[in-house]
Amino acid sequence: MPNAKDIHGTVFRHGSAVFMARVVNASAQTINQASISSASYTIYKLTKDDPTALVAVTGHDNVSLAVANVIYDTLQVDAAWTVDAQGYNFRHELDVSLAEAFSNAGDTYQVRYELVPVAGQKIVFRFQLRCI
């Protein structure tokens, strides 16, 4: 089973972000569109005193995503992916046109994705972002 770890990054205040990852299932096999029945995300503002206290950002709480829009059937390698030569199979460009996501510089935000597979346990992965 792969190790769970947050993906750290930085985001601009009042900005958007593009999230990319190589997502695997519990058997360490890369996922594809046919293997995922639903996808969603929530953005949380983290508090400095209690990192387990999660406050959902308005407009970005349990937002459904179209699987075909965020999951690739094959690993993608392009100029935006600088992690390794293998590539990514998940990409989500956050829409902030109707609701701001990162409104306070100096705060830390967690973007939590949940994928529900056709069979097996849900897949959770997170990005932890410092807002500047």
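Right, let's walk through the structure included here. Because the structure is predicted, anything quoted here is derived from the model rather than measured.

### Side note on the packing of aromatic side chains
Counted according to the given criterion, the structure contains 11 aromatic pairs. Ring centres of Y113 and F127 lie 6.0 Å apart, and the angle between their planes is 80°; on these two criteria the pair is classed as edge-to-face. One end of the pair, Y113, is in strand β8 (residues 108-117); the other, F127, is in strand β9 (residues 123-131), with 14 residues separating them in the sequence. Pair check on accessibility: Y113 and F127 agree, each one buried. Every member of this aromatic cluster is reached through a ring pair, and the members are F19, Y41, F90, Y113, F125 and F127.

### Here we look at unusual backbone geometry
The backbone of H14 sits at a positive phi, close to 65°, despite the residue not being glycine. The topology assignment puts H14 in the loop between β1 (7-11) and β2 (18-21). Given the relative accessible area of 38%, H14 is considered partly exposed. In this model, N62 sits at a positive phi of 55°, which is unusual for a non-glycine residue. Among the structural elements, N62 can be located in the loop between β4 (54-56) and β5 (63-65). On the basis of relative accessible area, N62 is assigned to the exposed category, the value being 53%.

The rules behind these values
Residues numbered from 1 in each chain as written. Predicted model: local features only at pLDDT ≥ 70, side-chain atom pairs only at ≥ 80, totals over all residues. Heavy atoms only, no water. Phe/Tyr/Trp six-rings, centres within 6.5 Å; stacked < 30°, edge-to-face > 60°. Helix = DSSP H or I, 4+ residues; strand = E, 2+ residues; numbered from the N terminus. Buried < 20%, exposed > 50% of the residue type's maximum accessible area, 1.4 Å probe, protein only.

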